[in-house]
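Geometric and topological summary
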Amino acid sequence: MAKTKTSKRRRTSSDDATATKRTRADVAPVGPGGVLEDHSVFGQLVGRSGLVLTAGNQPNQLAVDQAVFQRNLRLAIKKHQDFPQVVDEFLEGLQAHVEDPDRFSSSLTATMTAAECEDSCRGGKQDCLMRLLLGVEIIQPKVMIVLLEKLPEFMGDDDDQMFDSDATAQIPRLILNQFRWLDRIVDSKLLCRKMLEMLGITTVDIQRDIISCLPEVIDDTEHNNVATQLKDKLSDRQLMVAVLDALSNLNVRPELMTEVRLAVLRKVPGAELQDLPVVVKFLLQSVSTHDAVEVVRELRDQLDLTPGLSTERGAAGGNAVSSSRGSEALILDAIRSGITFQKTIAEAWIKAVENVPNAAEHKDVDVLVLLLLHSTAVTKTRRRAVEGLLRAKVRSGKFTHDLLRKTFTTHAQILREYFQSVLTMAEVLLRSPEPAVELFGCHVYQEAFRAFDMYCRQEVVGSLVTHIGSGVTSEVDSALDVLCQLVRDMPSAMAPFSVFIKGVLDYLDNLTVAQIRKLFSMLGTLAFSGTQDGAHIQDDMHILIRKQLSNTTPKYKRMGVIGAIMVVRSLGARREEGAPSISKDFYDQITGLLGMVRTSCQHMPDEYALFMDELACVMQNRQLDEKVEAWISEDVLTDFQDDYVVDVEADRISQSSTSLPLDLCYNLEDGDELEEGNIAVNLLPLLEAAGEMKGSPARKGRKRLVSPACLAPHFRLLRYCQQAQCGGDLEGIDALLGCPMYLFKEEAVEKMESLSVHEKELMCAALFHTLNWFREVINGFSSQSDPEMRGKVLVRLQNITHVQGLLNTCLAATPGFVPPRAIFDCEVETISVPAAGAARKGRKKAAKGGKKSPVGEKSPDPNDTISTATQDGTQPEKDSTEGDKEEKQTIVNLEHYRAFFRELDLEVFSILKCGMVSKSVLDTEMHTKETTVLELQPTELLFLLKDLNRKLEHVLIATAKRKTFLKTKSERNYGFSHLDQYTAQEVAEQVVQLLPALCDHLESTCTYFQSLLEENDGVVDGPWGDQAQTELMSAVFSQLLQALARLFSWNGFIGSEGQKLLQQAVSTLAGRMKVSSTTQTSTQDTISHTFRYVENFLTTAPTLSTTVCLIRLMVSISDKGSQPEQFNSKIAEHTQTILKREWIGKDGQREKGAKCNEDLQFVLKTFLDYSEDKLSCIEHLATVGIPELVEADKNGCSNTYPTLTRQSLGVFYRAMMSELVVCVKDIPTGKVSDAAKVQVERLFRWSIAVRIFHILINLVKAFDGRVYLGAAQKYGRMFVEVFLRQGMPVLDNVFKTHKDDVHSLLKNLQLSTRAMHHMCGFSKVSKDVALTNYVPLVKKTLEMFVYRVKAMLTMNKCLDAFWLGNLKNRDLQGEEMSSQAYADQTPADRQSDDDTDNDASELPDDDDDSDTTNLEEESVDGNDSVDGESYSESY
């Protein structure tokens, strides 16, 4: 119909010419001066009113002011003799006048004021003719119709586009402009109806102008009608922007606006990119408080700013990219506007991002929105909330490096506007104590440097330098790592900022050796990169290094050594293939610098050893030119032979003058006796000589000090030089693998008590050097493929475990001994020497302090005390009932001496690929088959697995891990210098290669315990035949599972680089299931098979800690799949089985203690988290398990849950209370619009929760320890707060229909709140600060509960059922007490109370056997409420 009507109005050019001629013929001719002589009613009236009509396209003239003209015209029409018929005649004349395009265009342009009356008018130009006529109310409606009916005549023809050389708009737009901002519209409904009618018969451009004009011309009463009409136009993409603009300016009823919003949200995915800013702005401006969360969530789901989509939906041609960038910026501006001016929008965006379930569903818009929220936050609370959300997302692995990289790559220009927020967020993340969050902060810095301009890069480098000055070790390390990575990847871009990095040299005293190495590495790379900026640093570095090397202080000497090695590495860097070798000048500088270092350190063994270690690292990575490597290798072998190797001579032992009897030990060469001419390591004589020379005063020209401390570092450098020269083959120095050592006789260890202090310390030092020599030998030869060498490596590994046993005995007899250093890239002052008996004295303290460790955090080595001294060098824990002999024995744990042992390389763990045979097989075959020595034994396997787990814990970051600022904790980071040269990805790749071997050992261990099951009739923890062997195998089992758990909990599997590695890892484990399949399995199926493989080991797990490792591994594997929920039921079933099993320790008694409670807490929380109905599980524990425990005797346990004892009740209590709060938080808030069935279901769940809460709160009457009181007050307050926020609205909705149920629920809850009030009084009079801190908030919450119930009863006209009184002070048993009841309590009485207090980690026995109050007999009689707040519900 629109097309038909339009075609009728459209005219050809010939028709227009004819019409023009006819019109002009009908009108009076043009007078002098171009004045149009119009004798129609229209012409006469406007002429008499003061308007002069002109011919052509000349502007009309006004001889009076426009207000005077409108008054004159209005009076002329009203006083005309033919009024009101004259109005129609006037309109006919107007229509005839505007038939001519020139005259019509003149009527739409401003009129000129006549020269003779300019002084009396408002200006030289006044309103156009049409606007003047619209100001006359008598003719306004009909003039409007005339104007609007002219719109279809301008359908976009070229001759109608521009009507005057000075005009800047199209004629339709000029027509519509006449209606804007009129003083008064006489008939708004007519105008609205006519404009909407025009929408159906005009072009898209005109429709767009009409829609934009509507909000400015229609009356408020027409807004809803217009909005309804415009809503139908949303289906037209070309009109959507104009419609939304108009709707934004209309006052529409909420229901209609909701419909419009839903329609707009459905259009977001298909909207043009340039239209999205208006769409987003409309949605955020029109949203209400109640539906803000839902609208923002839908908008976030539909909004996509990916570059591919932007180009497709953006402008075509060469401006596509710039157009899309501009549109993206406008979209973010719209979001920022909504966030800035509406608090609910900001909160809704935070919730929308927070509720994204996994990493795959996160988009770059989430990162951008968080930056917007952070940049617009005006309060610290909002800013911290955004930072906390970002940390939580990173911690959970939902924000990945891939997402960050994509955001910076795609939206660099937009992020540039929020650079300060980017920098602030990076600073906050980098300062986090969580490694995963800290690493993400490093990535933010790196991506910001790569994406932004020079100014921003300078700010990034400046911020990183500021981090270096913070003094926090982890923060300094991370900042240096970022700078090192940037220098490696973008040396030319970092060169202009080298002066910033050079400034850190002024603060070297505050840096560790490892940090100084990173700093000098960067400076060396920048100084010798060939840029002009780097050339200025070279001289400064040379001066500083020479000054430090000449300093006699060891600290500065070490700085000089590291600086010199880094300069050598940069100067002698290996060139690319085909490039010329280094110049003679560089070669001379390198040799001169190395010679200077060697000369300056020859009398300082520790610094000389550091020099060897640092040079070995450079040689290991093959970073030097071949010419330089050859020069270094020349002297290394000769020096080593001269210093440490001697020929075996028959009379050497007899002529020895050492204080200890000399002997040749640990020979692996063929033959029972060594022939003369074989070599040996001259350790003990060198050790005594070095001790004597160390005490003599230094003098010029003194011979270089040969120290055993340099033995291992020198060999490390030697073997890397040999590998560099021989292509990785060590056959030239293989004699060092099996050669013996000149050491003391082992019989001397048995006579330790008769030796002098000097001899004891000499013996301990010799054993330390022996261990470090063996460790370094294994490092060197473990990568060799020769069978004979690998056999000797296995024997050396056995030697290590044997020597550790000797060392353990010697250290126990030598209190206060300071071991020789073995790790030289750390400060001497930061290495603490374990005190004698530290393990025994610290064990109980450590257990007590363990309560503050978070759930899931492992102790450094939970199984250290399982293995025996003869197997791995540690003494087993023994029960305190074994007598006084054990009390006198000093226990030494070699784990405390880790800082004095050489680090094992990753290549050493290739030994794990050797098979393991159990001890029973060895007993039967050892005497007949010599080949069994080539098999890896359980003791050596345990030794390797412990070291592997320490390395994995250090380098593979798990999301739950946190760092600490305590120095005692940071000592665990020593001994990872070689490991830190690898990235986490590289370490994970090597461990994945070890998975088949680890699975072999795991299955062998499982087979061992299966045989035990058969011997003990299916009881795993039954009587064991060989207790020591079983404990050893149990420790191996646990360490194997820990290694797998640490690997699969690594957060690096989330990124794209880690996905292939994860697939390889799970395929390795799934392949052990031998599942036959003809089709290719999906990733989820592979993970399911892996889960089943691990699940099979649960039946043979011998200890609680082993099962905990298994559960952690199962949880980690389930999280790696796309459907982790499919494993929830299995995990819940297994954890419940663990809780229902009685775990017997090695002493035959039930397991207990801090470690046991920590494990139980993890199992219980996992059980509740993965249960299908958490509330039902808590109810079963509260209604079945706890009453069984209360009825049991002091040493008894729950029959259903044997792990629930009086010692572990505190763990169960805290976990149940905290998870109960989590459960009720998940119950939705009640709404009036909810269905009745839904409301009843929520009331039912709240009734169950309140009943459980009542049982747990009243449990404090039976067990009044601090752990129960603290948990009851802390989580009790939280429970009541959630009830007030989410539970009371449910009661409001169902009060009238379910009065009895509401009454019962409130009655139950009131009894619990009264008990909480009694706890507050008890806490105050007991003067316990920790408990008293809870009291104010608890009382405030209880008061809010009372008045909220009163408000509900008032609303339902039941206020008579409520009355308020004052509670009396009562104790936990409900007995009345005065405020002074506990004031006179003696210290002894209070101490006895403290004795029954249960610590958060280790809960001792409860000494009061009378605490057996029946929880089910709690009185709820109405008389109990006389002295307190009470409401008697009578309806």
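Read on for a plain summary of the structure. As the structure is a prediction and not an experimental result, all values here were calculated from the model. (Residues numbered from 1 in each chain as written. Predicted model: local features only at pLDDT ≥ 70, side-chain atom pairs only at ≥ 80, totals over all residues. Heavy atoms only, no water.)

1. Some words on the overall build of the protein
For the protein, the helix and strand inventory stands at 63 helices and 10 strands. For the protein, buried positions account for 54% of its 1435 residues. (Helix = DSSP H or I, 4+ residues; strand = E, 2+ residues; numbered from the N terminus. Buried < 20%, exposed > 50% of the residue type's maximum accessible area, 1.4 Å probe, protein only.)

2. Concerning helix H52 (residues 1083-1095)
For H52, built from 13 residues, the straight-helix expectation of 18 Å at 1.5 Å per residue is met to within 8% by its first-to-last C-alpha distance of 18 Å. Looking only at H52, the buried set comprises Gln 1084, Thr 1086, Ile 1087, Ser 1088, His 1089, Thr 1090, Phe 1091, Tyr 1093, Val 1094 and Glu 1095. In the core, the buried residues of H52 are packed alongside helix H49 (984-1015), helix H51 (1056-1071), helix H53 (1104-1119) and helix H54 (1128-1139). (Expected span 1.5 Å × (residues − 1). Contact = heavy atoms within 4.5 Å.)

3. Some thoughts on helix H12 (residues 204-217)
If you check H12, its first and last C-alpha atoms are 20 Å apart, about what 14 residues at 1.5 Å a residue would give, namely 20 Å. Ile 206, Gln 207, Asp 209, Ile 210, Ile 211, Cys 213, Leu 214, Pro 215 and Val 217 are the residues of H12 that are buried. Of the surrounding secondary structure, the elements contacted by the buried residues of H12 are helix H10 (171-177), helix H11 (188-198), helix H13 (223-231) and helix H14 (237-248).

4. Some words on the packing of aromatic side chains
According to the stated counting rule, one finds 29 aromatic pairs in the structure shown. Taken together through their ring pairs, the aromatic side chains of Phe 640, Tyr 644, Phe 715, Trp 773 and Phe 781 make up a single cluster. The side chain of Lys 150 reaches across the aromatic face of Phe 104, ending 4.8 Å from its centre. Arg 719 extends its terminal NZ or CZ atom over the ring of Tyr 720, reaching a point 4.1 Å from the ring centre. (Phe/Tyr/Trp six-rings, centres within 6.5 Å; stacked < 30°, edge-to-face > 60°. Lys NZ or Arg CZ within 6 Å of the ring centre and 35° of its normal.)

5. Quick look at the state of the cysteines
Considering all chains together, one arrives at zero disulfides under this definition. Cysteine Cys 117 is unpaired, with the sulfur of Cys 121 as its nearest cysteine sulfur at 4.0 Å. (Disulfide = S-S within 2.5 Å.)

6. Focus on the pattern of salt bridges
All chains considered together, the criterion is met by 57 salt bridges. Between Lys 502 and Asp 540 there is a salt bridge, with the nearest N and O atoms lying 2.9 Å from each other. Placement of Lys 502 in helix H30 (residues 498-502) and of Asp 540 in helix H32 (residues 532-549) is noted, with a sequence separation of 38 residues between them. Judged by relative accessible area, which is 27%, Lys 502 ranks as partly exposed. (Salt bridge = Lys/Arg side-chain N within 4 Å of Asp/Glu carboxyl O.)

7. With respect to unusual backbone geometry
Looking along the chain, the bond that leaves Phe 83 and enters Pro 84 is cis, with omega of 15°. Secondary-structure assignment places Pro 84 in the loop between helix H4 (66-78) and helix H5 (85-98). Of note, the phi angle at Trp 181 is positive, near 60°, even though the residue is not glycine. A positive phi is found at Tyr 666, a non-glycine position, where the angle reads about 60°. With respect to the helices, strands and loops of the structure, Tyr 666 is situated in the loop between strand S6 (662-665) and strand S7 (679-681). The exposure class of Tyr 666 is buried, given its relative accessible area of 12%.

8. What to know about the sheet that holds strand S2 (residues 61-62)
With mixed pairing, the four strands of this open sheet are ordered in space as S1-S2-S3-S4. Each edge of the open sheet carries a strand with a single partner, namely strand S1 (51-52) and strand S4 (125-126). (Pairing = 2+ DSSP bridges.)

9. Observations regarding the nonpolar core
Counting 425 residues, the largest nonpolar core has Ile 335 and Leu 912 as its most contacted members. Ranked by residue count, the leading element in this core is helix H59 (residues 1266-1294), at 15 residues. Residues in contact with Leu 912, not counting those within four places in the same chain, are Leu 936, Leu 941, Leu 944, Leu 945, Leu 948, Leu 994, Ala 997, Leu 998 and His 1001. (Core = buried A, V, L, I, M, F, W, Y, C linked by side-chain atoms within 4.5 Å.)

10. Notes on the environment of Asp 481
The topology assignment puts Asp 481 in helix H28 (residues 473-489). Among the residues examined, Asp 481 registers a relative accessible area of 37% and is labelled partly exposed. Separated by 39 residues in the primary sequence, Asp 481 and Cys 442 have C-alpha atoms spaced 8.1 Å apart.

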